[in-house]
Amino acid sequence: MARLSSGLIVSILGESHKPLLAGFDCGNSDSNDFVKNDVFKYQAKRLGVSYVLQNQEGKVVSIITLAAGAIALADTRALDLGITDRIGKLPALKIGRLCTHKDFQRQGNGAQLIDVATGIALKIGREIGCFCLLVDSKISAINFYRKLGFDTVYEDITGRTSVPMYVMLPPE
């Protein structure tokens, strides 16, 4: 558990969070269903690890689920890494889900969890390699991710229901 500068607390999802998630509502039925029915199953099967952001009263503000991922080098538009393309795919930390309770949306809480994910990715990068954060963004969230420095994999997103996006990790 870590206290962020905002006074909010972030911790890995655990059994103690179960009763707190019963009333979680981010306004999106698919994400709500994931939080209520699948988040613990994903974690138990090691498909992802979820981090919970709570306020000082203990209410769940936001949840982010992270997993190992990769992005094809060819999908990193106009990116010159100074390496050959033999690598094929670059290691990434994938944001599987990011959702904020509807009472706490548009207050910077999702961005705080992206900062937490960036810290985790940097740690992973020092131990096994991690090039970027990766997300399959809903169309409605593209601007949120763009404000945080993410770029779309494809220039033309016409007709897509989700858009792969990435942001390179900052140098240390």
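Since we're looking at a predicted model, the values are computed, not measured.

### Thoughts on the pairing of strand S4 (residues 60-72)
So, point 1. Summarising the sheet, strand S3 (residues 49-54) and S4 pair through six bridges and their orientation is antiparallel. Bridging from a neighbouring strand, serine 50 pairs with threonine 65 of S4.
So, point 2. Note that S4 and strand S5 (residues 89-100) share eleven bridges and pair antiparallel. Counted as the bridge partner of isoleucine 71 is leucine 90 from S5.

### Brief notes about the pattern of salt bridges
So, point 1. The final tally for this structure, using the stated rule, is four salt bridges.
So, point 2. For aspartate 25, the salt bridge identified is with lysine 102, shortest N-O distance 2.9 Å. One end of the pair, aspartate 25, is in the loop between helix H1 (18-21) and helix H2 (29-44); the other, lysine 102, is in the loop between S5 and helix H3 (109-127), with 77 residues separating them in the sequence.
So, point 3. On the basis of relative accessible area, aspartate 25 is assigned to the partly exposed category, the value being 22%.
So, point 4. With a shortest N-O distance of 3.2 Å, aspartate 30 and arginine 97 are connected by a salt bridge. Taken as a pair, aspartate 30 in helix H2 and arginine 97 in strand S5 lie far apart in primary sequence, 67 residues in all.
So, point 5. The exposure class assigned to arginine 97 is partly exposed, which follows from its relative accessible area of 22%.

Rules used in this analysis
- Residues numbered from 1 in each chain as written.
- Predicted model: local features only at pLDDT ≥ 70, side-chain atom pairs only at ≥ 80, totals over all residues.
- Heavy atoms only, no water.
- Pairing = 2+ DSSP bridges.
- Helix = DSSP H or I, 4+ residues; strand = E, 2+ residues; numbered from the N terminus.
- Salt bridge = Lys/Arg side-chain N within 4 Å of Asp/Glu carboxyl O.
- Buried < 20%, exposed > 50% of the residue type's maximum accessible area, 1.4 Å probe, protein only.

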